[in-house]
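# What the coordinates show
Residue strings, one per chain:
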Amino acid sequence: MVAKTAPVSTSRLAQRAKRVLDALYAVEAWGAGLGLGLVAVALFADVVGREAVGSGIFGAQRTAVYGMIVSAFLGLALATHSGRHIRVEGFDRLVPAAAQATVVRLGHVVSMVICLFLSYWSADFVLVSLEQGERGMALDILVWPIKIVLPWAFASAGVRYFVFALFPAVEPTPEKVA
Amino acid sequence: MSGIILTGLILVLIFLRQPIVLIVGAALAYVHVFMTASRPEFLIQDMWIAVDREVLLSIPLFVFAGLIMARGSIAKRLTRIMTSLTGSFPGGLAVATVLSLTAFGAICGASAVTMLAIGTIMYPALLANGYPKSFSLGLLCAGGTLGVIIPPSLLMILYGIMTEVSITKLFLAGWGPGLLLAGLLSIYSVLVNWRIETKPFSGREVAEALKSGIWALLMPVILLGGIYTGWFTVTEAAAVSVVYAIVIEFLVHRELTLRAFGDVVMETIKLQGSLMPLLAIAISLNNILDLEGVPQALVAFMKGYIDSKFSLLVVTNLVLLIAGALMDESSAIIVLAPLLAPLGQSYGFNDVHFGIITIVNLQIGYVAPPVALNLIVAMVAFKEQFGFICRSVIPFVGIMLIGLVITCVFPELSLFLIK
């Protein structure tokens, strides 16, 4: 799983920032990959169990849901890393060519602020779950360790936008969603 | 006043090129803080409740399965079967392309994936056999949209989740309009390419193609047969299709490398990462709209201006066609479906038929500039100018509009399998 930010030939600080983001990408990619694998394996095992021995696997669907949540929210950070988020592009041409770079940079600052707010509120949400000792519905496990992926994902995306605003050369070339 | 500020905030964020997920998130936080007696923490709580559901599991899995098949050799083998069957007729290779897109659409729920999987094989073949470049590009871009109308379909799953219409019924209803469009594209292909030289029919080639592609052909039978017979749910079918695709590509066809598989996993995760948080925030938005009675107010407001089923149909089609041209189709369905579905219901449309009308409309958005995903992907994949691709797709948009009108006028086309 290889990170795909644009090659950087700017300052040493920018290169260090890129290396940090790439390392973060690798860790999150593995986490998200394991989450996605868990979804497929748990659900397939459930179907096979039901058809082969007459009963599905207890908690398989809930396990799959948790795997999907981890994979989806780490995917949010990974999509940020690769410029994969869906956005309305129809109005881009309204900005004069000379102002494009400034608008993009300003946009990254705004994205960072929104992400950090969402991360803060998510952290609050996780803390409430931790304090209440909230447990899962079918699977009797503590839920807050899974919920942590929310503040993590928004913070991780926010940090990326901060780096993109600071070092535009690190910013990825937007990829198209299939 | 708050409404005006909210609209301004959204426009400024669009102007600043914010991802839709952050625009909706910021707008929703504004609603929580300034327009309702609520707190932004509830936004996160609603998001969690939205994603903590089994019904969403099919989305990443269908995308995953589609990408595995596109990168492996299932698409190639399906194409070989269709080419061997129709290659000897006038315009036969173009018809084989349409049939391949249809068959791949029956195992993959995404438009651009379908276009790429078949297009990378058929585009060079069409050119080599004398088919005009403009026709070939237009056919692939338009035919790729069969991926979202022939079940399984990502857009149908999203529509079902956002409006609580049965996804299985939508999967049944998609067949009529999907096959209609495939038929219209095939007829056009034959008419336009009547004079192109054909190859003689070979029964041996058909037999060999069927032998090499039997596992690929069985996939839609297992997948959709399982859903329609109630053997497994849509979510379970998605998991089965992933495992089936992995087993076939790694153990039977043996043409998918581990590196390519890793790329497919990352592609799936990124797509999921751009879609699922948006879905979660949009569901949270719907909760608050419901709570404030916005859909009901919208229905009441529209009833003051729209006096017939026909008028609603015209307005809905226009709104969806414009939305499809201006924004990504998944986002359009997530944002618009919960507002439009109650309108359709209040004017006496069948829930499933109205859903199919919505999807057929947005399907055209994949080839309608400026935000035409299939055209942009085709530009990169087939290395052609965007303007040329836009021109090449014009006659096909006309065909798709004919399909849309027929789908709107004849509900039975969508509903005959359900009844």
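The structure reproduced in this document is the subject of the present report. (Residues numbered from 1 in each chain as written. Chains lettered and ligands numbered in written order. Predicted model: local features only at pLDDT ≥ 70, side-chain atom pairs only at ≥ 80, totals over all residues. Heavy atoms only, no water.)

## Things to note about the pattern of salt bridges
Residue and element names in this part refer to chain B. In total, this model carries 18 salt bridges over all chains according to the counting rule given. A salt bridge links E255 to R77, with the nearest nitrogen and oxygen atoms 2.9 Å apart. Highlighted residues: E255 in the loop between α14 (234-253) and α15 (258-291) and R77 in helix α5 (residues 74-86), separated in sequence by 178 residues. Here E255 falls in the partly exposed class, since its relative accessible area comes to 37%. With relative accessibility at 15%, the residue R77 sits in the buried group. For E384, the salt bridge identified is with K133, shortest N-O distance 3.2 Å. Of this pair, E384 sits in the loop between α20 (373-381) and α21 (386-409) while K133 sits in helix α8 (residues 133-144); the two residues are 251 residues apart in sequence, bridging distant segments of the chain. For E384, a relative accessible area of 17% translates into the label buried. (Salt bridge = Lys/Arg side-chain N within 4 Å of Asp/Glu carboxyl O. Helix = DSSP H or I, 4+ residues; strand = E, 2+ residues; numbered from the N terminus. Buried < 20%, exposed > 50% of the residue type's maximum accessible area, 1.4 Å probe, protein only.)

## Overview of the packing of aromatic side chains
Under the definition given, this model contains 16 aromatic pairs over all chains. Look at F117 of chain A and W121 of chain A: their rings are 5.5 Å apart centre to centre, the planes differ by 35°, and that puts the pair in the tilted class. Of this pair, F117 of chain A and W121 of chain A both sit in helix α3 (residues 100-132), four residues apart, which is roughly one turn of the helix. Classification of W121 of chain A as buried rests on a relative accessible area of 12%. For the pair F62 of chain B and F171 of chain B, a centre-to-centre distance of 6.5 Å together with 65° between the ring planes defines the contact as edge-to-face. You can see F62 of chain B sitting in helix α4 (residues 58-71) and its partner F171 of chain B sitting in helix α11 (residues 167-173), a full 109 residues away along the chain. (Phe/Tyr/Trp six-rings, centres within 6.5 Å; stacked < 30°, edge-to-face > 60°.)

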